[in-house]
Structures are given as structure tokens and as C-alpha cells.
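# Remarks on the overall topology
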Amino acid sequence: MLHSLSKIARTALAAAALIAMQTPAQAEPHMQHSPLVIGHRGASGYRPEHTLESYALAIEQGADFIEPDLVLTKDKHMIARHEPMIGATTDVASHPEFAGRKTKRMVDGVEYDDWFASNFTLAEIKTLRAVQARAGRDTQYDGLFRIPTLDEVIALAKSQSRQTGRGIGIYPEIKHSTYHATLKNAQGRLAFGGHYFEDRLLKTLHKAYGNSSCAPVFIQSFEVGNLQYLSKKTHIRLVQLVDADDVNADGSLSLVPPYRQPYDFVVNGDARTFGDLVTEQGLAFVAGYADAIGPWKPYLVKTVADGVDRDGDGNITVNDRRVDGSTGVIETAHDKGLLVHTWTFRNDAGGYGFADPREEMTYYFDLGVDGLFTDFADTGVAARDASVNAGEAGHLKQCGRRHKSFHKGRYKD
Ligand SMILES: [Ca+2]
Ligand SMILES: [Ca+2]
């Protein structure tokens, strides 16, 4: 009897532990099948990018995910910045105590004369304030907001999830993996070393969310080798970003360095370009290690500059381009079991083929993208709500067993 009771108790404990393990995933209401609105650098159309205030506004506007880009400080903390260079997005230039830190350095084959995050401790970074980096946007918040760590972004997403009753996901990007892995300090030794960044990120994410494909997290990168490395170490969903330099008049992509290839391909002598990653063969390759592909939007929708002033404003701009429809990348990616998340949608720039940013985003949602990045989350939410795909059960369950069995690549076992 005692033995039997203790067995029951053990079973109950095991069941309770299982429920406890499953609870975080089950409690994430953002795992609906409606396509996702991802707050690009927060609500960066309205606030200085990559600040807690920018992320909080994106959440308030209805974003499902907030997007911290990550770089490393001298003392190996992950902070939210779009580049290792911090001159354009902070007030560092107005700090005389840091004037001597300005230096020239190569990042992915391009030389920059700037201040670099890895030459600053986190305590020093915290003395800086963010500024609006894009011309034409509101500068009234310049100098007010601090630079957040990833831990602070996670804490915000979790507290806002509780307050709003919506699960707010995070979408961290590992910036310049190869650069960070090979960066040397003043003593000539590796500042961080190979895969320090990836290992540190996983440690933080697994602690915060667990090692699960149902974690409200996507990890993204423009490089390939780091995602392949991560795919062997985590179930958290991975996103292969696909860049280009520009879009040609005929709608084809312009592939000019440093936007021609993933930088680890450049270093390793792999001749494949970003464009090669979205062919049928390329997408099958990506499906072997990633859950989603994140191509720049002209890879998904072909637009042609044919000289017609479609919006009738007297100027020929990218907004006037003729929209020729899907390139087929969305459909092929879905066939390979990949989600498709695309970027970047801005009310104030780059509306290839569209003068109205809401109409542009609705068009992509209607075509079947599973999510998109926008600087203007409020417009993104309105665009999704206007889409035929809003709130419908998607063709892909976004996590869990069905998700795994669906995959022809990464989860085919
Ligand atoms: Ca990013
Ligand atoms: Ca026009």
C-alpha cells in the first residue's frame, strides 16, 4: 500500500512536472494561425529604434513579436543595436569622454570609422541615449531612452504578455556572427571566440523560455553556418534571412557585396548568393536547418519600373512600379515546410508597387506570408485585419508535433 501510494505520488508528481513544462507553450496565445506582425526594431517608425520604449509601443499597437537585433559589448553582454557601430543610433558622438574610442574597423568587408559596441562595457553603454537614425522621423525622443540588454527585452515581453493577456514573442537577430567570432581585442586575442555569441544567446533563451519549438521565439540571421550550428543545439525556431543590394527595373534582384552572399559564405569560399537560397534547391537546403525563411520582400513579389505614374503625384518613384504578383518563392518555401516572414514595411519608404503601406502589407498577407516586419506595427495590424488570411487557421501549425512532422527538412526524423 505504501509502495502503491508512493507510486501514485510519483506519477502525480511526474504529471505535474509535465504540465509545468508544457504550460509556458500552452499559455502563449500568439500561437494562433493568423499571420504575424513583427515590430521591426520595435515601433521604430515612431521612437528611436531598439529601445524598451520603442518595443513597448509596438506591443501597445498590437505587434505579436518584437525584434531585438543583437551585438556584443566589451564585457560580453548582448545589447539591442542594429549594428556593431553605435554612432548613428546613439548620442555617443556628443560624449567627449568617448571621443578617443572612435576608430576604423572592417565589418563584413566594409571599413567603418565609428564607435564600436565591443569597445564599450555595458556600464558605459548605459550612459548613452538612443537617437532617431532615419531622416524624416520624429526626433523629439532623442537623448531620452537607454540601450537595453536582451535580458531587459525579455523581461518587457514577459511583463507585457501578462498585462495584455496576449503572448508577446521575441525575434532576436544575431548580427554579424563571423565578425563577432573573429574579432580581436587590443591584446590581439579573440574578443569572444567562435560560437560564443550563439552559445550565450541559447543559454539566455533556454533559461527564459525553455528549449522548445513552441517557445515564443524566432532566432534570425543573414549568415548560414551559425544557424546550422544552432539547429543542432536547440528546438527554438530558426529563420534564414535573405538579403539583396537593390531591385532592378525589371524586378530581378541586384546582388552586390556586401549584400550579395551570407558573409560566412564569403569567408568560406562558398559561391552561393542570397538569390541561390530562394531557388527550389536553395529552399530545400534551408529547410534542412531552419524553420522559416526571411527574404527581402522583392524576392516574393515581382514589381517592374515601367515609367507609369500610377499614383498620379507627378513623380515616378518605387511606389509606381507595376505589381506582377508572386515570384513563386512563398509557394515553394511552403512546399518545403518553411514559414515565410518578409521585410521591411515602412509607411515612409520603400513601398515597391504601392503608395499605401496598409494596402501593400495586406497584399503580402493575402499572398500567404506567415509574418512580416514593419516599423509601423499599427499599420501592420490594420493590414492584417484587412487580409483574407486574418484569423484563419493557417496551413502550418507554428509549433509542436504537427509542426515537426510537417517539416521535410529539419524535423524529418
Ligand atoms: Ca533585424
Ligand atoms: Ca508617382
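Residues numbered from 1 in each chain as written. Chains lettered and ligands numbered in written order. Predicted model: local features only at pLDDT ≥ 70, side-chain atom pairs only at ≥ 80, totals over all residues.

## Section: the nonpolar core
Ranked by size, the top nonpolar core spans 96 residues in total, and within it Ile66, Val153, Ile219, Ala290, Ile293, Leu338 and Leu372 carry the most contacts. Looking at which element gives the most residues to this core, the answer is helix α2 (residues 52–60), with six residues. Both domain 1 (35–216) and domain 2 (241–413) contribute no fewer than three residues apiece to this core. (Core = buried A, V, L, I, M, F, W, Y, C linked by C-beta atoms within 7 Å. Buried ≥ 20, exposed ≤ 12 C-beta atoms within 10 Å, placed from the backbone. Helix = DSSP H or I, 4+ residues; strand = E, 2+ residues; numbered from the N terminus. Domains from an automatic or database assignment.)

## Overview of the packing of helix α11 (residues 357–367) against helix α12 (residues 377–385)
Running from amino to carboxyl end, α11 crosses α12 at an angle of 50 degrees, the nearest separation of the two axes being 8 Å. Accordingly, the angle class assigned to the pair α11 and α12 is oblique. For the crossing formed where α11 meets α12, the hand is right-handed. Residues Pro357, Arg358, Met361, Thr362 and Phe365 of α11 touch α12, and the partners they reach there are Thr379, Gly380, Ala382, Ala383 and Arg384. (Axes fitted to C-alpha atoms, helices over the stretch in contact; angles between N-to-C directions. Parallel < 35°, antiparallel > 145°, perpendicular 65-115°, else oblique. Left-handed = near helix turned anticlockwise from the far one by under 90°. Contact = placed C-beta atoms within 7 Å.)

## As for helix α6 (residues 196–209)
Taking 1.5 Å per residue as the helical rise, α6 with its 14 residues ought to reach 20 Å, and the 20 Å between its terminal C-alpha atoms agrees with that figure. Looking one or two places after α6, you find Gly210, whose phi comes out positive at around 85 degrees. (Expected span 1.5 Å × (residues − 1).)

## Re unusual backbone geometry
Cis rather than trans, the peptide bond between Pro257 and Pro258 has omega equal to 5 degrees. You can see Pro258 is positioned in the loop between β12 (253–254) and α8 (263–268). Omega for the bond connecting Trp343 with Thr344 falls within 30 degrees of zero, at -25 degrees, which places this linkage in the cis form. Here Thr344 shows up in strand β16 (residues 339–345). The backbone of Asp108 sits at a positive phi, close to 50 degrees, despite the residue not being glycine. If you trace the backbone, Asp108 turns up in the loop between β5 (103–107) and β6 (110–114). The phi dihedral of His176 falls on the positive side, at around 50 degrees, and the residue is not glycine.

## What about the packing of α2 against helix α4 (residues 150–164)?
Viewed as axis vectors pointing N to C, α2 and α4 meet at an angle of 30 degrees, and their least axial separation amounts to 11 Å. The angle between α2 and α4 falls in the class roughly parallel. Considering the relative orientation of α2 and α4, their crossing is right-handed. On α4, the residues that touch Leu52, Tyr55, Ala56 and Ile59 of α2 are Glu152, Val153, Leu156, Gln160 and Thr164. Here the residues of the contact of α2 with α4 are counted per class, giving six nonpolar, two polar and one charged. (Nonpolar A, V, L, I, M, F, W, Y, C, P; charged D, E, K, R; others polar.)

## Observations concerning the pairing of β5
Where β5 meets β6, five bridges bridge the pair, whose relative direction is antiparallel. Paired with Arg105 across the bridge in β6 is Tyr112. In this antiparallel pair of consecutive strands, β5 and β6, the connection spans two residues, and Asp108 shows a positive phi of 50 degrees. (Pairing = 2+ DSSP bridges.)

## Let's talk about the environment of Tyr352
Considering the arrangement of structural elements, one finds Tyr352 in the loop between β16 and α11. Residue Tyr352 is classed as buried on the basis of its 21 C-beta neighbours within 10 Å. Along the chain, Tyr352 and Val318 lie 34 residues apart, while their C-alpha atoms are 4.9 Å from each other.

## Structural notes on α2
In terms of residue burial, α2 counts as a mostly covered element, since seven of its nine residues are buried. Among all positions in α2, only Leu52, Ser54, Tyr55, Ala56, Leu57, Ala58 and Ile59 are buried. Turning to α2, the residues buried within the fold contact β1 (36–40), β2 (65–67), α4 and α12. Directly after α2, the chain includes Gly62, whose backbone phi takes a positive value near 105 degrees.

## Observations concerning the environment of Gly282
Mapped onto the fold, Gly282 is located in helix α9 (residues 280–287). Linking Gly282 and Ala333, residues 51 residues apart in sequence, is a C-alpha distance of 9.5 Å. Contacts of Gly282, omitting those with residues within four sequence positions, involve Asp276 and Leu277.

## Some points on the environment of Leu338
If you trace the backbone, Leu338 turns up in the loop between α10 (329–335) and β16. Placed 55 residues apart in sequence, Leu338 and Leu283 show a C-alpha to C-alpha distance of 8.1 Å. Contact partners of Leu338, with chain neighbours within four places excluded, come to Leu283, Val286, Ala287, Ala290, Asp291, Ala292, Ile293 and Ala333.

## Here we look at the confidence of the model for the chain
Confidence in the prediction of the chain, expressed as mean pLDDT, is 90, and 87% of residues score 70 or more. Within the chain, the element-level pLDDT minimum falls on helix α13 (residues 400–406), averaging 41, and the maximum on strand β4 (residues 78–80), averaging 99. Across residues 393–397, where pLDDT falls below 50, the model places 10 contacts with residues more than four positions away in sequence or in other chains. Overall, residues 400–408 carries pLDDT values under 50, and its contacts beyond four positions in sequence, including any with other chains, amount to 17 contacts. (pLDDT = per-residue confidence, 0-100.)

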